[in-house]
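For reference, the chains in residue letters:
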Amino acid sequence: MSILEVLAIIVPSTLLTAAPLIFTALGGVFSERSGVVNIGLEGLMSVGAFTAAIATLFLEHAGFGNASPWIAILIAAVAGAIFSLIHAVVSITFRADQTVSGVALNFLAAGLTIFLVKLIYNGNGQTPYIAHNINKISVPVLSNIPIIGPIFFQQVTYTSYLAIFVSFVVWYIIFKTSFGLRLRSVGEHPAAADTLGINVTRMRYIGVMLSGFFGGIGGAVYLVTITANYNVSTIAGQGFLALAAMVFGKWHPIGAMGASLFFGFAQALSITSQQIPYIDRLPSVVMMVAPYVLTLIVLTGFVGRAEPPKADGIPYIKGQR
Amino acid sequence: MPYAIEMKHIRKEFPGIIANDDINLQVEEGEIHALFGENGAGKSTLMNVLFGLYQPDEGEIYVHGKKVRIADPNDANRLGIGMVHQHFMLVEKFTVAENIILGREPTIHGRLDMTKAVKIVSDLSEKYGLDVDPMKKVEDITVGMQQRVEILKTLYRGSDILIFDEPTAVLTPLEIKELIDIMKRLVKEGKSIILITHKLKEIFEACDRCTVIRRGKIIGTIGIGETNPSDLADMMVGRKVNVRINNAPYEPKEKVLEIRDLTVLDSRKVKAVNQLNLTVHGGEIMGIAGVDGNGQTELVEAIAGLRKVKEGAIEINGNDVTNHKTRKIIEAGLGYIPEDRQKHGLVLDFSIGENMVLQTYYKKPYAFAGVLNNKVISKKAKQLIHEYDVRTPGEKTLARSLSGGNQQKVIVAREVDRSPQLLVAAQPTRGLDIGAIEFIHGKLLEEKEKGKAVLLVSFELDEILHLSDRIAVIFEGRIIDIVNPKETNENELGLLMAGRKKEEAQA
Ligand SMILES: Nc1ncnc2c1ncn2[C@@H]1O[C@H](COP(=O)(O)OP(=O)(O)OP(=O)(O)O)[C@@H](O)[C@H]1O
Ligand SMILES: [Mg+2]
């Protein structure tokens, strides 16, 4: 097997596993840039995945065909945004501890989604499989380019490209627009923003709800491209991985994307190891822990000290000096 | 003609303290009105009420004769009220231009137009003579420039009533002169200004009228033409104040601080201190005079172990402490009053008591076997609060809620009370009222008389001239001259600080 063939296996797989992480990590960036720590990404992904499953099944039934999963992603995004309101109300309006609120969000999402699944499917612990996944395709024309084609444009889903594209859009929004400037100011020095007439509470609500929106997309993408049905173990740690990617990427959209791709790569390596010569001889246990070991090594060794937004995690109390 | 601002019967209470008690304030159109009063008198509180940051418990506000309700700074901005805060309201990670335009950004279809922003800032800065570098990050600029950024923020918003809360506390004499010129120009353009300051000189140079506040109450409003500095000072403090002068004999003892060929880089990796040599003896106050940005900050931080020494050595009492941990250096005999009280001097969310034992909490009698003895800490704190006249409901109060000057007193109390072999005091009286300055000066002189070494860094040439036994002039990271305060004056010092040689300066 040539290097080229190995890459043609690993890169598409990386892109596939990274996409949900990218979306979710971008959500985290919005929230924490506005000054609200969001441990609840995992829960937001669960809500997104659950909603996507139900919505796709419903839409398929209603005859939307191949458009079903795409519309479902949008519905899941809205569901995520609404669910994240809980975190916003508790931690911004009532100034409760943001970590505790985020953890609560995770428990609530896990319990609620499975409860609803059982309610809808007569006690069954999982949803049926959706019929219309977002499938792996070969991009017309581009996939025929020698070398690059097989690596980057075959056996991929459009959601992966979308995720990368959206990362740049988010970067633009956060660093190049007045909205982004205000969002960051609220996460760095809310009192200063307040004296300039920026509504700190409103900006933080928007930040948190965007994290719900993108977390919902992340969960939905995971469902419609990878698992195709929702059960207890559908979302098991991806949200935390996305959180790590956000930190690893230094609260920067492009950084978060890069980190997500790296985590995706680590997972792809373990998933595809059976197909890759030499590596396939290693015991499977090694390949299963490899992503995490690799992550730890990179986190400790190669990334400098990451500095969060200055007011990240600190409730803003007007008139306190 | 109606007043630009009229505040009637304003009352504002905080837990345990009435910060404003039935305050009446009238500011005429086009005047510079001074607010003068002791630390903790309630000046900032009153201005925060006017700016919409605090809601008064009682009272009414009229702007240009119309009764208004100012619920938040947005309302204040809309009414043309701008405020330069005592503690900067700047986003350190943002550039100067970003800080100024924040909230009112020039955009093209939602995209930030930074080219335009930079141009707006440069134009404003040129128009009012406020020198700033629009592209630099705020965390990399001097305190003086940060202040100018704050002023530009209000000018950019086109405010016609400007509140300056102690703008000059962090400025150098030259910058103060410039600021006063700017204020006069602004008033000519039809703006009205409220200026809070503790410096009489500025009031008499810049202001038309002055309102004196003491312990939350109005003492009176007086035209500047009808009074004189010493009467005004007495009116504020409620007793006679006198200027402390170092007239104890100069009898230097053994070396306490020795600095050899010291080189320190600033945050941009440029040599801020360059091959500097300096010796300070017991029983002397060594003043460091220099224009802001000539390496004073970095020198002091290097001594305190807060900034890495690139080359050279620092010895305290003969022990090499170069690049040692701050605690080690403190144990070697350092006391340190930092320039930036909120960043390096205090833990704002700790109580006053806890702040008072920050270097000693782990030792007897404050702790035993790792457990704090709160009774002893409280007792110590109470004693220092009393001795240094910190205005607060008690030692359990958070440092954050203290007025600016009282935060400073807490630091000075902590450092001086330990009576260290070497006391490094950077701008020790910044933001203090006249009475408190008199007191702190007395304390520094006492330390000297006890045979301790004092290194005093200050932009106040008066302070340097009155207290020092020797004055080291720092320029571009080097000590270019050491002069005897009795044989020099402000003019000569000013020229030396600008980098002139002594012969030139005297000519
Ligand atoms: N947010 C707050 N919470 C609690 N106490 C406060 C608060 N703001 C001010 N105070 C108290 O109100 C009093 C007046 O404070 P203020 O800051 O107005 O004084 P000031 O006149 O500006 O003094 P300085 O010259 O030292 O700045 C002080 O005793 C202060 O501790
Ligand atoms: Mg004040």
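All values reported here derive from a predicted model rather than from experimental measurement.

**Thoughts on the coordination of the magnesium ion (ligand 2)**
Where a metal carries four tetrahedral donors, each ideal angle is 109.5 degrees; where it carries six octahedral donors, the ideal angles are 90 or 180 degrees. Residues and elements named next belong to chain B. Protein-derived ligands of the magnesium ion (ligand 2) are S44 (OG) and Q86 (OE1), with the metal-ligand distances lying across 2.0 to 2.1 Å. In this pair, S44 is assigned in helix α1 (residues 43-50) and Q86 in the loop between β6 (81-84) and α3 (96-101), connecting sequence segments 42 residues apart. The residues S44 and Q86 share a single accessibility class, namely buried.

**Structural notes on empty space enclosed by the protein**
Enumeration according to the criterion identifies three cavities of 30 Å³ or more in this entry. By volume, the largest cavity amounts to about 90 Å³. Together, A:T195, A:L196, B:F51, B:N77, B:G82, B:M83, B:H85, B:E150, B:K153, B:T154, B:R157 and B:S159 line the largest cavity. Among the elements of the structure, β6 and α5 (143-156) of chain B are those that each provide at least two residues to the lining of the largest cavity. By residue number, the principal contributor to the lining of the largest cavity is α5(B), which donates three residues. When the residues that make up the lining of the largest cavity are grouped by side-chain class, the tally is three nonpolar, six polar and three charged.

**Focus on helix α1 (residues 3-33) of chain A**
Residues and elements named next belong to chain A. Its maximal kink placed at A18, α1 deviates by approximately 35°, while the proline P20 follows within four residues. Where burial is concerned, most of α1 is hidden: 26 out of the 31 residues are buried. After α1 finishes, the residue G35 shows a positive phi value of roughly 100°.

**Observations concerning the interface of chain A and chain B**
For an interface, size is often stated in terms of accessible area lost upon the parts coming together. Counting residues at the interface gives 24 residues for chain A, matched by 32 residues for chain B. Around 2,500 Å² of area is buried between chain A and chain B when both sides are counted, 58% of it from carbon and sulfur atoms. Across the chain A-chain B interface, the total number found is three salt bridges. A salt bridge links B:E92 to A:K310, with the shortest nitrogen-to-oxygen separation between them at 3.1 Å.

**What to know about the domain arrangement of chain B**
All names here are of chain B. Taken domain by domain, chain B consists of domain 1 (5-237) and domain 2 (255-342 + 421-506). Opposite the 23 residues of domain 1 that make contact, domain 2 presents 15 residues. Counting each side, the surface lost to burial between domain 1 and domain 2 is near 1,500 Å², with a carbon and sulfur contribution of 53%. Among the residues of domain 1 in contact with domain 2, N39, H87 and T172 are the three that bury the most area, contributing 27% of the side total. Applying the counting rule to domain 1 against domain 2 returns one salt bridge. In this structure, E460 and K199 form a salt bridge, with 2.9 Å as the shortest nitrogen-oxygen distance. The interface formed by domain 1 and domain 2 holds six residue pairs in polar contact (both at pLDDT 80 or more) in total. Mapped onto the side of domain 1 that touches domain 2, the elements with two or more residues apiece are β3 (32-37), α5 and α8 (229-237). Per-element tally for the side of domain 1 that touches domain 2: the top contributor is α8, with three residues.

**Regarding the pattern of salt bridges**
Residues and elements named next belong to chain B. Summed over all chains, the structure comprises 33 salt bridges over all chains. The residue K67 makes a salt bridge to E60 at a minimum N-O spacing of 3.6 Å. Judged by its relative accessible area of 29%, E60 falls in the partly exposed class. Ionic pairing is found between E395 and K396, a salt bridge with its closest N-O pair at 3.3 Å. Overall, K396 belongs to the exposed group, its relative accessible area being 61%. The structure contains a network of salt bridges with shared partners spanning R11, E13, D21 and K217.

**Regarding a nonpolar patch on the surface**
Residues and elements named next belong to chain A. Together, V78, I82, L85, I86, V89, V90, F94, L108, L112, F115, L119 and I120 make up an exposed nonpolar region whose accessible area comes to about 1,000 Å². Only α3 (68-93) and α4 (98-120) provide two or more residues apiece to the nonpolar patch. Looking at the nonpolar patch, the element that brings in the most residues is α3, giving six residues.

**Structural notes on the sheet that holds strand β24 (residues 478-483) of chain B**
Across a sheet, paired strands are connected by hydrogen bonds in the backbone, their directions being either parallel or antiparallel. Residues and elements named next belong to chain B. Strand order in the open sheet made by the six strands is β18-β21-β22-β15-β23-β24, with mixed pairing throughout. Lying at the two open borders of the sheet, with one neighbouring strand each, are β18 (334-337) and β24. When strand polarity is set aside, the average angle formed by the axes of neighbouring strands in this sheet is 20°. Relative to strand β22 (residues 453-457), strand β15 (residues 284-289) runs parallel, the two sharing five bridges. Residue I285 lies in a different strand from β22, and its bridge partner there is V454. Running over the sheet, helix α14 (residues 404-417) touches β18 and β21 (422-426) and is turned about 170° from β18. Docked against the sheet, helix α15 (residues 434-449) engages β15, β21 and β22, running at close to 130° with respect to β15.

Quick notes on the rules
Residues numbered from 1 in each chain as written. Chains lettered and ligands numbered in written order. Predicted model: local features only at pLDDT ≥ 70, side-chain atom pairs only at ≥ 80, totals over all residues. Heavy atoms only, no water. Donors = N, O, S within 2.8 Å, 3.2 Å for Na, K, Ca; no water. Helix = DSSP H or I, 4+ residues; strand = E, 2+ residues; numbered from the N terminus. Buried < 20%, exposed > 50% of the residue type's maximum accessible area, 1.4 Å probe, protein only. 1 Å grid on protein atoms, 1.4 Å probe; cavity = no way out; pocket = protein on both sides within 12 Å on 5 of 7 lines; lining within 4 Å. Points joined across faces, edges and corners; volume = space filled by probe spheres on them. Nonpolar A, V, L, I, M, F, W, Y, C, P; charged D, E, K, R; others polar. Bend = angle between axes of the 7 residues up to and from the residue. Contact = heavy atoms within 4.5 Å. Buried area = accessible area lost by both parts, 1.4 Å probe. Salt bridge = Lys/Arg side-chain N within 4 Å of Asp/Glu carboxyl O. Domains from an automatic or database assignment. Polar contact = N/O pair within 3.5 Å; in protein donor to acceptor, adjacent residues only side chain to side chain. Patch = residues over 30% accessible without salt bridge, like charges linked within 9 Å, V, L, I, M, F, W, Y side chains within 5 Å. Areas by Shrake-Rupley, 256 points an atom, 1.4 Å probe, with all protein chains shown as cover. Pairing = 2+ DSSP bridges. Axes fitted to C-alpha atoms, helices over the stretch in contact; angles between N-to-C directions.

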